Amino acid sequence: MTAVALLIDRLDARLPQTQCRQCGYDGCRPYAAAMAEDGAPIDRCPPGGQAGVQALADVLDVPAPPLDLSRGRPVPLQVAVIDEAHCIGCTLCIQACPVDAIVGANKRMHTILPDVCTGCDLCVAPCPVDCISMVPAGRAWTADDAALGRQRHRAYLTRQQRARAAADVPVAPADDEAVDKKRAAIAQALAQARARREQRRP
Ligand code: SF4
Ligand code: SF4
Ligand code: SF4
């Protein structure tokens, strides 16, 4: 293993592994690589807080700057919760989750595994019916959570690579009628979700 690869490992070991991308990189390990290879600033990880900046500074043997609050503020751990009554089963949240913490199938309600969720928030924006909320986890983020986050994110990346490789294999042309039917089903589900929300309004 090269010295740079070892340094990346050591920096990555100090990062929280929520994979939230608030640092501006595609996850904790890409941020560790940017610090080791390109001298990226070490103050960019809100979940790690000031203690995290200090831990990175200790590895690099440099003074610790203050946490860059423009990237976000450290907050107590939250987890995502789906209002299953309004989930339309579109799977967009599953695709957004970097640690595969959401289970469900197309057109079926989805559920979040609270012990796996890192609180990264990345599933909230893609939900077309706003049925995902972030709620207090009621516990602290631990080293075991970080190890699980790293392991599950690696598995997620492997699955993504396989999916991309499979997508390169030529497939039969899409069935226009089936695509139209799918679009119509999504539009209908969205209209029903909108109507339900209107009914709930006082
Ligand atoms: S926890 Fe989030 S902000 Fe911190 S290094 Fe990982 S992806 Fe970046
Ligand atoms: S369920 Fe949402 S908040 Fe939790 S890890 Fe997945 S994307 Fe992040
Ligand atoms: S993005 Fe929202 S509506 Fe779609 S499956 Fe996830 S929770 Fe359900």
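Because the structure is predicted, anything quoted here is derived from the model rather than measured. (Residues numbered from 1 in each chain as written. Chains lettered and ligands numbered in written order. Predicted model: local features only at pLDDT ≥ 70, side-chain atom pairs only at ≥ 80, totals over all residues.)

> Outline the site of ligand 2, listing residues and values.
In the neighbourhood of ligand 2, 14 residues make up the surrounding shell, with Ala-80, Cys-97, Cys-117, Cys-120 and Cys-123 lying closest. Partitioned by chemical class, the residues of the shell around ligand 2 number 11 nonpolar, two polar and one charged. (Near = placed C-beta within 6 Å. Nonpolar A, V, L, I, M, F, W, Y, C, P; charged D, E, K, R; others polar.)

> Can you explain the environment of Ala-105? Please cite residues and give values.
As for its placement among the helices and strands, Ala-105 is situated in the loop between strand E2 (102-103) and strand E3 (111-112). Assessed through the 10 C-beta atoms surrounding it within 10 Å, Ala-105 is described here as exposed. Through-space distance from the C-alpha of Ala-105 to that of Cys-90 is 8.2 Å; in sequence the pair is 15 residues apart. (Helix = DSSP H or I, 4+ residues; strand = E, 2+ residues; numbered from the N terminus. Buried ≥ 20, exposed ≤ 12 C-beta atoms within 10 Å, placed from the backbone.)

> How would you summarise the packing of helix H1 (residues 3-13) against helix H2 (residues 28-38) if you had to cite specific residues and measurements?
Contact geometry of H1 with H2 gives a least axis separation of 8 Å together with a crossing angle of 130°. Taken together, the axes of H1 and H2 are oblique relative to one another. For the pair H1 and H2, the sense of crossing is right-handed. Along the contact surface, H1 presents Val-4, Leu-7, Ile-8, Leu-11 and Asp-12, while H2 presents Cys-28, Arg-29, Ala-32, Ala-33, Met-35, Ala-36 and Glu-37. Tallied by class, the residues present in the contact of H1 with H2 amount to nine nonpolar, no polar and three charged. (Axes fitted to C-alpha atoms, helices over the stretch in contact; angles between N-to-C directions. Parallel < 35°, antiparallel > 145°, perpendicular 65-115°, else oblique. Left-handed = near helix turned anticlockwise from the far one by under 90°. Contact = placed C-beta atoms within 7 Å.)

> Before we move on, can you summarise the environment of Gln-22 with the specific residues and values?
Along the polypeptide, Gln-22 turns up in the loop between H1 and H2. Sequence separation of Gln-22 and Gly-72 is 50 residues, and the distance between their C-alpha atoms is 6.9 Å. When neighbours within four sequence positions are excluded, Gln-22 is seen to be in contact with Pro-46, Arg-71 and Gly-72.

> So what about H2? Which residues, and what values?
Taken together, the buried positions of H2 are Cys-28, Arg-29, Tyr-31, Ala-32, Met-35 and Ala-36. Seen from one end, H2 has its buried residues packed into an arc of 160°, which puts them on one side. Residues Glu-37 and Asp-38 are exposed on H2 and point more than 90 degrees away from its buried face. Close packing links the buried residues of H2 with H1 and helix H3 (49-60). (Arc of directions from axis to C-beta.)

> Summarise H3; cite the residues concerned and give the values.
Between the first and last C-alpha of H3 there are 17 Å, a value that for 12 residues agrees with the 16 Å anticipated at 1.5 Å per step. Here H3 has its buried residues at Gly-52, Val-53 and Leu-56. Across the axial projection of H3, the buried residues extend over an arc of 100°, all falling on one side. Every exposed residue of H3 that faces more than 90 degrees away from the buried side is listed here: Ala-51 and Asp-58. Buried-residue contacts for H3 involve H1 and H2. Positive backbone phi, at 55°, marks Asp-61, one or two positions downstream of H3. (Expected span 1.5 Å × (residues − 1).)

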